Amino acid sequence: CSLDPRCTAGLGMDAWVVPIPASVVPGPIAQPIMFMRSEVWATDKNKARLDVLYNGLTGSAYRLTIQGTGHYDFTLLPLLTPLAPYLKLKGPLEGNRAIQIATDYMLAFFGKHLTGLPEPLLDGPVPAYPEVIFDSRRP
């Protein structure tokens, strides 16, 4: 998004950003960006690098951590096998619930920033989703 003006909004779903050197982002990113994170990758070095990216955004920025999720909760894998929790391929949050939360926030984000629709879900924490730790900044 910092290089291509055709990028109008960006979403990172549990993005692993540790290998990305700070020099890769050549300038401020003014487009709206949302980062959704699992509890697993919201810690340590990945958190520190994501904080640098998030704090450098100059447009609307959202950072959500969905408690009770693992990395694969952002895919359909937890719905495909009941073995996923035993293989440590998902967090303790029920798979349908994790996907519903991610989907609702993703639709709200793109609805607001691509179509201009008002989206109260992006205004702050909501009682319907107590699993979500919500942070946002607006220019």
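The shown structure was predicted, so the numbers you read here are calculated from the model rather than taken from an experiment.

Asker: Pulling in residues and values, what's your account of the pattern of salt bridges?
Answerer: According to the stated counting rule, one finds six salt bridges in the structure shown. Between D51 and R63 there is a salt bridge, with the nearest N and O atoms lying 2.5 Å from each other. Highlighted residues: D51 in helix α1 (residues 44–56) and R63 in strand β3 (residues 61–66), separated in sequence by 12 residues. Accessibility classification places D51 together with R63 in one group, the buried group. Note that R97 and E131 form a salt bridge whose closest N and O atoms lie 2.8 Å from each other. Taken together, the positions of R97 in helix α3 (residues 95–115) and E131 in the loop between α3 and β4 (132–137) put the pair 34 residues apart, joining distant regions of the chain. A relative accessible area of 15% places E131 in the buried class. The structure contains a network of salt bridges with shared partners spanning K47, D51, R63 and D135.

Asker: Explain unusual backbone geometry to me, and be specific about the residues and the numbers.
Answerer: You will see that D14, though not glycine, has its phi angle at about 55°, which is positive. Here D14 is to be found in the loop between β1 (10–13) and β2 (33–38). Looking at D14, the relative accessible area reads 2%, which means it is buried. Phi is positive for K88, which is not a glycine, with a value near 60°.

Asker: How would you sum up the state of the cysteines? Please name residues and give values.
Answerer: In total, this model carries one disulfide according to the counting rule given. Paired through a disulfide, C1 and C7 show a sulfur-sulfur distance of 1.7 Å.

Asker: Just give me the short version of the confidence of the model for the chain, but keep the residues and values in it.
Answerer: The predicted coordinates should not be examined in detail at positions where pLDDT is low. Residue-level pLDDT values for the chain average 88, and 91% of them are 70 or greater. The secondary structure element of the chain with the lowest average pLDDT is α1, at 82, and the one with the highest is α3, at 96.

Asker: Report on the environment of Y105, specifying residues and quantitative values.
Answerer: With respect to the helices and strands, the residue Y105 is situated in helix α3. Its relative accessible area of 1% is what places Y105 among the buried residues. Separated by 104 residues in sequence, Y105 and C1 place their C-alpha atoms 20 Å apart. Dropping the residues within four chain positions of it, Y105 is found in contact with M34, M36, L64, L121, L122, V126, Y129, V132 and F134.

Asker: Provide a residue-level description of the side chain of D14, including the pertinent values.
Answerer: We note that D14 is buried and unpaired, the nearest opposite charge coming from R37 at a distance of 6.8 Å. Within the structure, the side chain of D14 is placed 2.7 Å from the side chain of H71, a separation counted as a polar contact. With sequence-adjacent residues up to four places away left out, D14 is seen in contact with M36, R37, S38, W41, G70, H71 and F74.

Asker: Describe the packing of aromatic side chains, with residues and values.
Answerer: How two aromatic rings sit relative to each other is set out by the distance from centre to centre and by the angle between their planes. For the coordinates displayed, the defined rule picks out five aromatic pairs. Their ring planes at 55° and their centres at 6.4 Å tell us that Y62 and F134 sit as a pair that is tilted. Taken together, the residues Y62 in strand β3 and F134 in strand β4 connect sequence positions 72 residues apart. Here Y62 matches F134 in class, with each residue buried.

Parameters and conventions
Residues numbered from 1 in each chain as written. Predicted model: local features only at pLDDT ≥ 70, side-chain atom pairs only at ≥ 80, totals over all residues. Heavy atoms only, no water. Salt bridge = Lys/Arg side-chain N within 4 Å of Asp/Glu carboxyl O. Helix = DSSP H or I, 4+ residues; strand = E, 2+ residues; numbered from the N terminus. Buried < 20%, exposed > 50% of the residue type's maximum accessible area, 1.4 Å probe, protein only. Disulfide = S-S within 2.5 Å. pLDDT = per-residue confidence, 0-100. Contact = heavy atoms within 4.5 Å. Lys, Arg positive; Asp, Glu negative; His and termini not counted. Polar contact = N/O pair within 3.5 Å; in protein donor to acceptor, adjacent residues only side chain to side chain. Phe/Tyr/Trp six-rings, centres within 6.5 Å; stacked < 30°, edge-to-face > 60°.

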